[in-house]
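The chain contents come next:
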Amino acid sequence: MHIPNDDEYLSKFLKGKGEMIELIRNFNWSATSLGHPSSWPQSLITTLSNMLNSRFPMLLWWGPDLIQFYNDAYRPSLFGTDFHPHVLGSKAKDSWLEVWTIIEPLVDQVINTGEPTWSEDQLISIFRNNKVEHVYWTFGYSCVYDELGNRAGVLVICNETTEKVLALEALKHAKSELEYSKKQVENDRDNLNNFLLEAPAGICILSGVDMVYEFVNPSYQQLFPGRVLLGKPLIEALPEVIGDDVLNILQQVFSTGKTYRAEALLIPLAYTDKGEIIDRYFNFIYQARKDFGSDEVNAISVFAFEVTELVSFRKEIERSKNTLKLAIEAATIGTWKVDYKTMEVILSEKTADIYGFSELHVHLSAMEDLIVAEHQERVVEARMLTFSSESDFKEEFCIVPIGATNSKWVKLQGKTYNDMFGEPMFMTGTVMDISEQKIDEIRKNDFISMVSHEMKTPLTSINLYVQLLKMKTEEDENGILSKSLKKITIQLKKMESLINGFLNISRLESGRIYLDNELFDLDLLIEEIIADNVVMAQGFEFNFRSKSNVSIRADRYKIGSVLTNLLGNAVKYSHDRKKILVDCSIKEPGFICVSITDQGMGISNKEFTKLFERYYRSESIKASTISGFGIGLYLSAEIVLLHGGKIWVDSEMGTGSVFNFTLPIE
Ligand code: ADP
């Protein structure tokens with residue numbers, strides 16, 4: 001007997017064409033749990049026939065093993081997988097092993113209850129195109145009953161919606177991006193608005209041909225305090241612009257659309273309504289605003305900075321520069337500038353002339369090489385200190401100019417300028433030929449020294465005779481002779497200290513001042529000097545408060561002269577309040593500090609350092625009758641420095657002064 005094969009049998013009722021019909025017909029169903037198609041129930045054959053003739057993607061799982069069928073419409077979802085055609089006739093569980101946990105509950109629901117399922121855009125990832133692909137499906141499972149009314153199979157009607165879902169997601173993404181961009185634009189607009197309102201530049205918008213103030217920020221309004229601008233045409237709000245160039249410029253920007261920039265442009269304008277029209281200077285930009293997508297200008301944006309003060313400063317600086325230039329030319333002062341990076345010096349003609357250079361650019365070493373040997377080290381050290389500390393440089397020294405045989409004295413002054421990071425950039429200053437002045441000074445010093453010497457001899461003899469006379473008149477202490485002798489002694493002491501001062505100066509100048517150190521009790525010396533001064537300072541009260549009890553190694557005579565000078569000054573520069581305090585104590589380790597406090601006229605703090613310069617007398621003293629030569633403090637300072645100490649003053653005008661000096665202790 002001929003048993004028809006599956007194909008022969010199935011061809012009877014599986015009509016039509018299609019890949020899946022062919023495959024189902026040729027499949028060896030006898031090898032599955034469904035058995036030979038001749039044993040298939042009519043319900044399976046009918047469902048299968050409907051499914052295979054449908055253009056809607058469908059799967060059918062039949063029997064207890066859920067043997068799988070699918071139609072041509074479902075086929076594309078398996079492209080790129082190795083499922084097709086192997087999953088035909090296989091168990092549903094084996095075909096969809098990876099996603100069975102998602103599918104099984106749905107299948108169970110249908111088989112156990114007959115209730116259909118519905119899932120929309122459900123993600124079921126499958127291995128396709130050599131990778132795990134996220135595939136979305138909209139599908140429904142429905143129950144297929146057999147002839148006996150048993151739940152025999154599950155019909156899966158499905159549609160792959162991956163493209164739709166992805167398109168939707170892309171759309172959602174695009175929408176949220178759009179919303180984000182919208183927010184961003186709104187944010188930017190708010191920021192711009194705030195920026196325009198808070199900008200330190202004056203900003204306004206002049207709208208239309210009439211140039212009506214459409215927007216005015218507070219900084220712009222401040223340029224015209226109290227004047228009503230907003231909503232008014234320019235020529236109404238600021239009528240003074242009529243006839244001024246600025247109006248033409250604005251009209252040109254309007255007609256050409258071209259941006260106009262100006263720096264320090266003069267525009268005569270008033271600050272307030274009815275205020276005086278004055279010359280004001282502005283940096284500004286006029287920028288045309290056009291309709292979107294058109295060339296038509298509809299407004300002008302104005303950004304303006306008032307620079308009137310800056311311009312007047314600049315003019316002032318220009319004037320000062322010219323005056324300075326004239327002054328420098330007239331005073332025959334040379335100028336120079338050292339670049340720190342290259343150590344190149346730019347010289348003015350006068351400087352080149354003083355140094356004998358024929359060119360105006362030289363290396364710093366070329367200038368310093370011309371300094372005479374005995375001054376070179378001092379000058380270079382001072383210059384290096386100025387380089388590193390931004391302090392002033394001020395030195396007097398001798399150079400032998402190029403081509404000259406004799407040296408000349410020069411005075412060099414300068415200052416270092418740092419860049420914005422605090423790094424030294426350059427040093428600039430002046431130079432003056434002070435040879436004549438120096439020669440005069442030397443002559444004067446020689447003369448003073450000679451006269452002082454000459455005067456010292458007769459003074460010593462007078463002193464001797466006075467001492468002799470004093471001894472002779474001792475019995476008659478209150479007699480006229482005795483009183484006169486006391487007065488003569490005071491005057492002699494004053495004269496002696498003056499002559500000694502001059503002599504010391506000339507010794508100092510010529511480097512002939514030496515320290516004759518010995519160990520002595522400082523308190524005792526102070527007491528002696530106070531006692532000497534009491535004689536000369538009638539009515540003054542000296543109070544030696546704290547004593548040090550130290551012995552120091554120093555030149556007793558010279559320290560005595562420092563004390564004499566400071567106490568003498570305390571007396572000389574005090575009128576009504578006649579209390580003088582002397583302190584001697586250790587304030588910093590290794591040094592004894594002597595302070596002399598008076599309640600006199602005081603000194604302005606501007607003069608604190610100048611007081612110790614040679615021949616310096618304070619401005620307020622010069623006009624008064626208090627005599628002096630301005631050498632006492634200079635000499636005192638030199639003596640203290642020679643000992644390795646410091647000297648300084650603290651003072652307040654009208655209250656009094658404290659002169660302090662320190663000396664090293666052993
Ligand atoms: P001289 O007293 O001869 O002028 P000094 O060198 O001793 O010279 O003093 C310099 C200047 O300092 C004085 O001219 C005076 O202006 C000021 N000076 C010094 N001591 C005092 C003081 N105790 N009080 C006020 N000014 C003083």
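Preceding block: the structure.
Let us look at the structure shown here.

Calculation rules
Residues numbered from 1 in each chain as written. Predicted model: local features only at pLDDT ≥ 70, side-chain atom pairs only at ≥ 80, totals over all residues. Heavy atoms only, no water. Helix = DSSP H or I, 4+ residues; strand = E, 2+ residues; numbered from the N terminus. Rg over C-alpha atoms; globule rule 2.2 N^0.38 Å. Contact = heavy atoms within 4.5 Å. Lys, Arg positive; Asp, Glu negative; His and termini not counted. Charge placed at Lys NZ, Arg CZ, Asp CG, Glu CD. Pairing = 2+ DSSP bridges. Axes fitted to C-alpha atoms, helices over the stretch in contact; angles between N-to-C directions. Near = heavy atom within 4 Å. Polar contact = N/O pair within 3.5 Å; in protein donor to acceptor, adjacent residues only side chain to side chain. Areas by Shrake-Rupley, 256 points an atom, 1.4 Å probe, with all protein chains shown as cover. Nonpolar A, V, L, I, M, F, W, Y, C, P; charged D, E, K, R; others polar. Buried < 20%, exposed > 50% of the residue type's maximum accessible area, 1.4 Å probe, protein only. Parallel < 35°, antiparallel > 145°, perpendicular 65-115°, else oblique. Left-handed = near helix turned anticlockwise from the far one by under 90°. Salt bridge = Lys/Arg side-chain N within 4 Å of Asp/Glu carboxyl O. Core = buried A, V, L, I, M, F, W, Y, C linked by side-chain atoms within 4.5 Å. Patch = residues over 30% accessible without salt bridge, like charges linked within 9 Å, V, L, I, M, F, W, Y side chains within 5 Å. Phe/Tyr/Trp six-rings, centres within 6.5 Å; stacked < 30°, edge-to-face > 60°. 1 Å grid on protein atoms, 1.4 Å probe; cavity = no way out; pocket = protein on both sides within 12 Å on 5 of 7 lines; lining within 4 Å. Points joined across faces, edges and corners; volume = space filled by probe spheres on them.

1. Brief notes about the overall build of the protein
Inference 1: From N to C terminus, the protein includes 19 helices and 23 strands.
Inference 2: Computed over its C-alpha atoms, the radius of gyration of the protein comes to 55 Å, more than 25% above the 26 Å expected for a compact globule of 666 residues.
Inference 3: Over its C-alpha atoms, taken along the principal directions, the protein stretches across nearly 185 × 75 × 60 Å.
Inference 4: For the protein, the proportion of contacts with a sequence separation of at least 24, taken over those separated by at least 6, is 53%.
Inference 5: Charge separation in the protein, taken as the distance between the mean sites of 68 positive and 93 negative side-chain charges, equals 7 Å.

2. Description of the sheet that holds strand β3 (residues 119-128)
Inference 1: Taken together, the 5 strands give an open sheet; going across it, the order is β2-β1-β5-β4-β3, and neighbouring strands pair in antiparallel fashion. Each end of this open sheet is capped by a strand with a single partner; those strands are β2 (67-70) and β3. Within this sheet the neighbouring strands show an average axis-to-axis angle of 35 degrees, counted without direction.
Inference 2: Where strand β1 (residues 58-62) and strand β5 (residues 151-160) come together, 5 bridges link them in antiparallel fashion. Bridging from a neighbouring strand, W61 pairs with V154 of β5.

3. A few points about the site of the ligand
Inference 1: In the region of the ligand, 20 residues are neighbours, and N569, Y573, D598, R617 and L633 sit closest.
Inference 2: With respect to the ligand, the side chain of D598 contributes an N or O atom lying 2.8 Å from a nitrogen atom.
Inference 3: At 2.8 Å, a backbone N or O of L633 approaches an oxygen atom of the ligand.
Inference 4: Burial of the ligand by the protein amounts to 97% of the accessible area it has alone, namely 530 Å².
Inference 5: When grouped by side-chain class, the residues that make up the shell around the ligand number 10 nonpolar, 7 polar and 3 charged.

4. Structural notes on unusual backbone geometry
Inference 1: Here H84 and P85 are connected by a cis peptide whose omega angle stands at 0 degrees.
Inference 2: Structurally, P85 can be placed in the loop between β2 and α4 (92-95).
Inference 3: If you check the backbone angles, M211 has positive phi at about 50 degrees while not being a glycine.
Inference 4: By secondary structure assignment, the location of M211 is in the loop between β6 (202-207) and β7 (212-216).
Inference 5: What makes M211 buried here is its relative accessible area of 4%.
Inference 6: Positive phi is not limited to glycine here, since A264 has a value of about 45 degrees.
Inference 7: Within the secondary structure layout, A264 lies in strand β8 (residues 260-270).

5. Side note on the sheet that holds β8
Inference 1: Across the sheet, 5 strands lie side by side as β7-β6-β10-β9-β8; this open sheet has antiparallel pairing. What marks the edges here is a single partner per strand, and that holds for β7 and β8. The sheet shows a mean angle of 35 degrees between the axes of neighbouring strands, taken without regard to direction.
Inference 2: As defined by bridge partners, β8 adjoins strand β9 (residues 277-290) across 9 bridges and the pair is classed as antiparallel. Pairing of A262 across the sheet is with F284, part of β9.

6. Focus on the packing of helix α16 (residues 522-536) against helix α17 (residues 556-572)
Axis angle and axis distance: for two packed helices, these are the angle between their axes and the distance between the axes, and together they describe the pair.
Inference 1: For the pair α16 and α17, interaxial distance at closest approach is 10 Å and the crossing angle is 45 degrees. Classed by the angle they form, the pair α16 and α17 counts as oblique. Note that α16 runs across α17; the crossing there is right-handed. Residues L522, L525, I526, E528, I529, I530 and N533 of α16 pack against R556, I559, G560, L563, T564, L567 and G568 of α17.

7. What to know about the pattern of salt bridges
As a working rule, side chains carrying opposite charge can pair if their charged atoms are close by.
Inference 1: If you walk through the whole model with that rule in mind, you get 22 salt bridges.
Inference 2: Salt-bridge contacts for K547 lead to E527; the nearest nitrogen and oxygen are separated by 2.7 Å. Separated by 20 residues along the polypeptide, K547 in the loop between β18 (541-544) and β19 (551-554) and E527 in helix α16 bring together distant segments of the chain.
Inference 3: Classification of K547 by relative accessible area gives partly exposed; the value is 42%.
Inference 4: E527 sits in the partly exposed class, given a relative accessible area of 34%.
Inference 5: For the salt bridge of E528 with R556, the shortest nitrogen-to-oxygen distance reads 3.0 Å. A residue pair is termed long-range when its members are at least 10 positions apart, and E528 in helix α16 and R556 in helix α17 qualify at 28 residues.

8. A word on the nonpolar core
Inference 1: Counting 48 residues, the largest nonpolar core has W61, F69, W96 and Y141 as its most contacted members.
Inference 2: Among the secondary structure elements, those contributing two or more residues to this core are α2 (19-26), α3 (42-52), β1, β2, α5 (100-113), β3, β4 (131-145) and β5.
Inference 3: Counting residues per element, this core draws most heavily on β4, which supplies 6 residues.
Inference 4: Excluding anything up to four places from it in sequence, W96 contacts W61, Q68, Y74, L78, F83, I103 and I126.

9. Remarks on a positive patch on the surface
Inference 1: Together, K470, K483, K486, K487 and K493 line one region of the surface with positive charge.
Inference 2: Among the elements that make up the positive patch, the one with the highest residue count is helix α15 (residues 480-509) (4 residues).
Inference 3: Structurally, K470 is set in helix α14 (residues 435-472).

10. Thoughts on the packing of aromatic side chains
Inference 1: Enumeration over the complete set of coordinates arrives at 17 aromatic pairs.
Inference 2: On the numbers, 5.5 Å between centres and 80 degrees between planes, the contact of F83 with W96 is edge-to-face. In this pair, F83 sits in the loop between β2 and α4 while W96 sits in the loop between α4 and α5, placing the two residues 13 residues apart along the sequence. Comparing F83 with W96 shows no difference in burial state: the two are buried.
Inference 3: Look at F284 and Y286: their rings are 4.4 Å apart centre to centre, the planes differ by 20 degrees, and that puts the pair in the stacked class. Taken as a pair, F284 and Y286 share a single burial class, namely buried.

11. Observations regarding empty space enclosed by the protein
Inference 1: Applying the stated criterion across every chain yields a total of 3 cavities of 30 Å³ or more.
Inference 2: Its volume calculated, the largest cavity comes out at about 190 Å³.
Inference 3: What lines the largest cavity is a set of 17 residues, and nearest its centre among them are Y220, V246, I267, L269 and Y286.
Inference 4: Sorting the residues of the lining of the largest cavity by element identifies α7 (218-223), α9 (245-256), β8, β9 and β10 (297-306) as the ones contributing at least two each.
Inference 5: Residue contributions to the lining of the largest cavity peak at 3 residues, all from β9.
Inference 6: Residue composition of the lining of the largest cavity, grouped by class: 17 nonpolar, no polar and no charged.

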